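The lines below spell out each chain.
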Amino acid sequence: DPTWPAATDHMEEIVYQLQGFRGSLFNDIITPCDNEAAGPGRITASEWLRVGFHDMAPHNKYFGTNGVDGSLQFELNDGENTGPGHATTLKFLANYLSSRSSLADLIAAGVYASVRSCGGPVVPLRLGRVDATEGGNGVPQPQNSIGTFISQFDRMGFNATEMIQLVACGHTLGSVHSPEFPEIVPAATGQISFDSSNAVYDNKVVTEYVAGNTTNPLVVGASIAVGRNSDGRIFGSDGNVTIRAMADPTVYRNTCQALLQRMIEVVPAGVTLTPDPIAPYAVKPVGMQLTLNDGAATLLLSGYIRVRTTELPASSITNVVLTWKDRNGGNSCGSSATCSVTATLQGVANGFDDTFGFFPIQATIPVASGISSFTLVLNFNDGTSKSYDNNGNSYPMSDAVILQKPQSCLLQGSGALTVSALVRNDIVGLPVNLGVSYLVPRNTTDGNPVPALTQANITMTAGDCVGQYTFYTASFTIYGGLSYNARLSVTAGSGATAYSDDFIKASDLSGTCGTFSGSATCANVTVSSTSSLPTSTTSSSTSVSATTTTTTTSSTAAPTPTIKTNVGGYVFVSCWTEGTGVRALSEASFAYDSMTLESCMANCTGFDYWATEYGRECYCGNSLASSSAQAPNGDCSMLCAGDPSEFCGAGNRLELYSTTATRTTSATPTPTATLAVKPTVGDYVFVGCQTEATSQRALSEKTYADDSMTLESCAAFCAGFTYFGTEYGRECE
Ligand code: HEM
């Protein structure tokens, strides 16, 4: 096993913990191999494998640019990546995008999963790919000459033999489709498969070619006359020597395993992959979390010990015993004789090649002694047992900083988030920050289906002291409608000596923040310097004045940025509300993810007023609607999407600026408004452009149609429903 925790732990769960208890469902739409999630004739597994190649193909080994870097998301309209399969694949993979699972690693994992789901070899998966911020180009096209193919594959790092092999390793799954390649597959035909088993990872694409009975449309048929028979020209480019060798199934399988691994390991210069491919842990703590119980006398340690049961039935394990060390590395745990807890099997999960059993942990730990690490023992039905100590390190578990879930909450609709954390009193002098890593749909005209991974850091404010801990809180609005996908971290201090409780799913929080009940006298904590604290080597012993008692905390944090009083030739007026039924500033509007005060001002050049709203909206005007009114400056608490050191209003709150110039009325310029997707309408946020359902309405509860249709009137008609949608200019459902 790797030493826990490892940077690859999250990806390990996505890739191996597929179905069943706590299953990632990563393989759902590629299982079975012939599943056609995006419609008839489109095998999803084949689309995933092709995405791996197309993301890699722009690589230039001489310049060290591109590779498997997720840049395909920016290349969907460049003419080299035709067909719907790339976008649908990226959209699915993006559900798993996070600060610990880059799109590029997910694309590589998609190659592993699609090949394995179709019965192919296990493609070893090293991790650590970094996502690109722009596209590249250079995907080979069927009409290219053989010389061009050879130099394109050389640029990617594959010689002429490997080119033949890699194409043969790809074109065993799926088909060529007539909508995208009408010169190759005539219109009425729909699609033609590369071989007679287009949903099995086998070498029929080779054997049928060698036997002369192939139907591969890139070898035979219409493609020849128009010079688009690329597979035929590639396979034949060395007199069929290489392709004949691959007619041996073992040679094919081993060659493809090695070459597909190389394909997904093509990365831009500067990206270092993990030295070893990931492998499932034999024993792994998952979802371990500390929570301070009401009254502040005990901590609850909860989570699961996941045991790989591939080689032994889960039922052969009697139980798992977790034994913890106290905060100072000793064996003190209050009145109980042993610091241990026993767990029995609760659920099972499986991957392509593995099964797992989950043993739930619920340990009550006295706050006075705390926890610093634990070890595990598996007891088997035959009386034997086996110990696990994380490669001699024990499994680290710090009680220094705790994200306190019961007093934290998230309203998934609006994205309104409040996080409470507990910081142990010996480190209470350190700055405490809430990190929110979240996804924002791009809503850009290029149709990029992958949301932008966005990070916000908010300073947390100290609240009440409860026993050995002090509460900290912060509030934030997760913009974009995907708040359930966000991940939260609380960090005290910075750099290598920071203490943190991180990567906690925002969707674990309930909609209302509970009250912490029971009081405890604020107390000092002394941590012995010899104890092996996992997240810090230099633990300080700052003392806290021990006077207050407490029951609850509800304060919210003030983010670090301050209001900018002057921006260019404009001065800050105040935080302002929208008008009733009209925009406060109605002459031009803009919305984008790189919003800053400066860019809004630039958009509104010539106007007397401009304002930012909801983090990423900008409005311009020469007068304010009479129904809009001044609001407390504190209401305008959202950070600008493009500059977290500035405020950009909030929901229904404008960060309002006014010109300092004296204008002559006749000089008022023409507004420059452009038609744009409205990111919010009242309490609703824009989700995306969706299709209707097959033979029924996507939204079927209530509909109307009217020539005066607006987003606002449809929203009003659908008030109370979770979704509304407008269609065909004048319909609402
Ligand atoms: C000279 C190099 C290559 C050319 C010209 C080429 C061309 C094509 C074309 C024209 C299609 C049909 C796409 C469609 O109609 O949807 C296709 C499909 C496919 N290609 Fe390639 N390809 C090349 C190399 C590769 C490589 C190296 C791999 C992977 C290792 C690969 C994997 C696939 C897969 C899996 C499909 C099926 C997609 C589906 O069924 O939707 N290709 N390729």
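Remember, it's a predicted structure, so these values are computed and weren't measured experimentally.

Visitor: Just to check I follow, could you spell out helix H4 (residues 103–117) for this structure?
Guide: In this model H4 runs 20 Å from its N-terminal to its C-terminal C-alpha over 15 residues, within 8% of the 21 Å that 1.5 Å per residue would give. Burial of H4 is extensive: 15 of the 15 residues sit out of reach of the surface. Gly119 lies just past H4 and shows a positive phi near 85 degrees.

Visitor: Looking at this structure, how should I read the pairing of strand S10 (residues 373–380)?
Guide: Within a regular strand, side chains alternate between the sheet's two faces. By the bridge criterion, eight bridges tie strand S6 (residues 317–325) to S10 in an arrangement that is antiparallel. Bridge assignment links Asn319 to a residue of S10, and that residue is Asn379. Summarising the sheet, S10 and strand S12 (residues 395–396) pair through two bridges and their orientation is antiparallel. Among the inter-strand pairings, Phe374 is bridged to a residue of S12, identified as Tyr395. In terms of strand pairing, S10 meets strand S11 (residues 385–388) through four bridges, oriented antiparallel.

Visitor: I tried to follow the sheet that holds strand S17 (residues 452–459) on my own but got confused; where do I start?
Guide: Sheets are built from strands that pair by backbone hydrogen bonding, the pairs being arranged parallel or antiparallel. Taken in spatial order, the four strands make up an open sheet running S17-S16-S20-S21, and their pairing is antiparallel. Only two strands of the sheet have a single partner each, and these edge strands are S17 and strand S21 (499–505). Direction aside, the axes of adjacent strands within the sheet are offset by 15 degrees on average. By the bridge criterion, five bridges tie strand S20 (residues 487–492) to S21 in an arrangement that is antiparallel. Paired with Thr491 across the strands is Ser500, a residue of S21.

Visitor: Before we go on, may I ask you to explain the sheet that holds strand S8 (residues 347–350) in this structure?
Guide: Here five strands make up an open sheet; going across it, the order is S1-S8-S9-S5-S4 and the pairing antiparallel. Each edge of the sheet is formed by a strand with only one pairing partner; in this case those strands are strand S1 (19–20) and strand S4 (283–292). The sheet contact formed by strand S5 (residues 298–308) and strand S9 (residues 355–366) spans eleven bridges and is antiparallel. Counterpart to Tyr304 in the pairing with S9 is Pro360.

Cut-offs used in this document
- Residues numbered from 1 in each chain as written.
- Predicted model: local features only at pLDDT ≥ 70, side-chain atom pairs only at ≥ 80, totals over all residues.
- Helix = DSSP H or I, 4+ residues; strand = E, 2+ residues; numbered from the N terminus.
- Expected span 1.5 Å × (residues − 1).
- Buried ≥ 20, exposed ≤ 12 C-beta atoms within 10 Å, placed from the backbone.
- Pairing = 2+ DSSP bridges.
- Axes fitted to C-alpha atoms, helices over the stretch in contact; angles between N-to-C directions.

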